[in-house]
Amino acid sequence: QVQLVEAGGGSVQAGGSLRLSCAASGGTFSSYGMGWFRQAPGKEREFVATINKSGGIPHYTNSVKGRFTISRDNAKNTVYLQMNSLKPEDTAVYFCAAASSGWPGMYPTEYPYWGQGTQVTVSS
């Protein structure tokens, strides 16, 4: 069973950047597809980005395309989310998640393993 720990959240002004990281342990990281989700207060958890087990074919929700980049380093058991041109509507708790399928999609139910989340706050 894999354990996930996110880091890199914080407060930033609109237009700024943050890089989130998610370190995995306890499993074979290179066999898991990985995703990032976020949840704003009073809203449902929503898909942000996913990447397959080998690091190819990332997918993004439309609202972050061109601004966010998901990547992974299987040698370091870590997945990243580079967030540029941040907007106030990006404010949320960001979660990384691991899927036993190496090619997961956008639905939270595909991901049995979750980190504890890291807060991202973007001020205008």
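Scroll up for the structure.
Scoring rules and cut-offs
- Residues numbered from 1 in each chain as written.
- Predicted model: local features only at pLDDT ≥ 70, side-chain atom pairs only at ≥ 80, totals over all residues.
- Heavy atoms only, no water.
- Helix = DSSP H or I, 4+ residues; strand = E, 2+ residues; numbered from the N terminus.
- Buried < 20%, exposed > 50% of the residue type's maximum accessible area, 1.4 Å probe, protein only.
- Contact = heavy atoms within 4.5 Å.
- Salt bridge = Lys/Arg side-chain N within 4 Å of Asp/Glu carboxyl O.
- Phe/Tyr/Trp six-rings, centres within 6.5 Å; stacked < 30°, edge-to-face > 60°.
- Core = buried A, V, L, I, M, F, W, Y, C linked by side-chain atoms within 4.5 Å.
- Pairing = 2+ DSSP bridges.
- Axes fitted to C-alpha atoms, helices over the stretch in contact; angles between N-to-C directions.

This part covers the environment of F29. Take F29: it is sitting in the loop between β3 (18–25) and β4 (33–39). The exposure class of F29 is buried, given its relative accessible area of 3%. With residues up to four places along the chain from it excluded, the contact list for F29 reads A24, M34, R72, D73, N74, N77, T78 and V79.

Right, let's talk about the pattern of salt bridges for a bit. For the coordinates displayed, the defined rule picks out three salt bridges. Linking E46 and R38 is a salt bridge whose minimum nitrogen-to-oxygen distance equals 2.6 Å. Among the residues examined, R38 registers a relative accessible area of 4% and is labelled buried. Among the ionic pairs, D90 bridges to R67, the shortest N-O distance being 2.8 Å. Taken together, the residues D90 in the loop between β8 (78–83) and β9 (92–99) and R67 in the loop between β6 (59–60) and β7 (68–73) connect sequence positions 23 residues apart. The two residues D90 and R67 agree in class, both being buried.

For the coordinates displayed, the defined rule picks out six aromatic pairs. Centre to centre, the rings of F37 and F47 are 5.8 Å apart; their planes meet at 75°, and the pair counts as edge-to-face. Taken together, the residues span a long stretch of sequence, with F37 in strand β4 and F47 in strand β5 (residues 46–51) at a distance of 10 residues. Residue F37 shares its accessibility class with F47, and that shared class is buried. The interplanar angle of 55° and the centroid separation of 5.0 Å between the aromatic rings of F37 and W114 together place this pair among those described as tilted.

What follows deals with the nonpolar core. In this structure, L4, M34, W36, L81, M83 and Y94 are the most contacted members of the largest nonpolar core, which totals 30 residues. Listed by contribution, the elements that provide at least two residues to this core are β3, β4, β5, β7, β8, β9 and β11 (118–123). Judged by nonpolar contacts, the second largest core, of five residues, contains F37, A97, A99 and Y111.

Here the focus is the pairing of β4. Burial runs high along β4: six of the seven residues are buried. Summarising the sheet, β4 and β9 pair through seven bridges and their orientation is antiparallel. Each bridged residue has a counterpart across the sheet, and for R38 the counterpart in β9 is Y94. With five bridges connecting them, β4 and β5 associate as antiparallel partners. Across the sheet, F37 pairs through a bridge with F47, a residue of β5.

Here the focus is the sheet that holds strand β1 (residues 3–7). The sheet built from four strands is open, its strands ordered β1-β3-β8-β7 with antiparallel pairing. Looking at strand neighbours, the two that pair on one side only are β1 and β7, the edges of this open sheet. In this sheet, neighbouring strand axes are inclined to one another by 15° on average, regardless of whether the strands run parallel or antiparallel. Looking at chain direction, β3 and β8 are connected through six bridges and run antiparallel. Bridging across to β8, C22 finds its partner in V79.

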